[in-house]
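Each chain, written out:
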Amino acid sequence: MKTKTCPSCGSIKPVYHYYFRIGVNGNKLYFNPCKKCYNLRRMQWYKDNRDAVLIYQRKYIKDNPDKNNANFKKWLAKEGNLAKQRERNRACAKKRYARLKAEKELNGK
Ligand SMILES: [Zn+2]
């Protein structure tokens, strides 16, 4: 089996531990860091750039509502996602209810 050394963690791993893209002549070009290091790097990048990513996502949704709706419908049709979405809606409603209740108590008495 083909192996490759990850420059980030320094371990020698089989090539299926690496992401790849298909090159112009159809061969697999493996990424340099292994999947584990790559994902860690991506997660760190997201943490560092979270605000910018959220702003970009909101702008994209605003600019492409039809595309976003279609993607959401496609996602919802996948198995298990309907239950996931219901759970999210429930959690969101609970949060909203708690917030409204707190606001009422602040303004009411
Ligand atoms: Zn690695």
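Read on for a plain summary of the structure.

1. Things to note about the overall build of the protein chain
Item 1. Looking only at helices and strands, the protein chain features three helices and four strands.
Item 2. What you see in the protein chain, going N to C, is helices and strands ordered as β-β-β-β-α-α-α.
Item 3. Over its C-alpha atoms the protein chain spans a radius of gyration of 22 Å, topping by over 25% the 13 Å that the globule rule assigns to 109 residues.
Item 4. Projected onto its principal axes, the C-alpha coordinates of the protein chain cover approximately 70 × 30 × 30 Å.

2. Quick look at helix α1 (residues 35-63)
Every α-helix winds through 3.6 residues per turn, so residues three or four apart in the chain are directed the same way.
Item 1. The end-to-end C-alpha distance of α1, which contains 29 residues, comes to just 33 Å, noticeably less than the 42 Å that a straight helix rising 1.5 Å per residue would cover.
Item 2. The largest bend in α1 is about 75 degrees, located at N49.
Item 3. Burial analysis of α1 places just zero of its 29 residues in the buried class, which makes it a mostly uncovered element.

The rules behind the values
- Positions within a chain are numbered from 1, following the residues in the order the chain's sequence is written.
- For a predicted model such as this one, the threshold for reporting local features is a pLDDT of at least 70, and the threshold for listing and counting side-chain atom pairs is 80 or more; totals across whole chains, interfaces and linings nevertheless cover every residue.
- Only DSSP runs of H or I covering at least 4 residues are called helices, and only runs of E covering at least 2 are called strands; the numbering of each starts at the N terminus.
- Each radius of gyration is computed over the set of C-alpha atoms, and the globule rule expresses the reference value as 2.2 Å times the number of residues to the power 0.38.
- Here a helix's expected span is defined as the number of its residues, less one, multiplied by 1.5 Å.
- The angle between axes fitted to the seven residues ending at a residue and the seven residues starting there is what we call the bend at that residue.
- Exposure classes come from backbone-placed C-beta atoms, where a residue is buried if 20 or more other C-beta atoms lie within 10 Å of its own, exposed if 12 or fewer do, and partly exposed in between.

The quantities given are spatial measurements derived from coordinates; they are silent on function.
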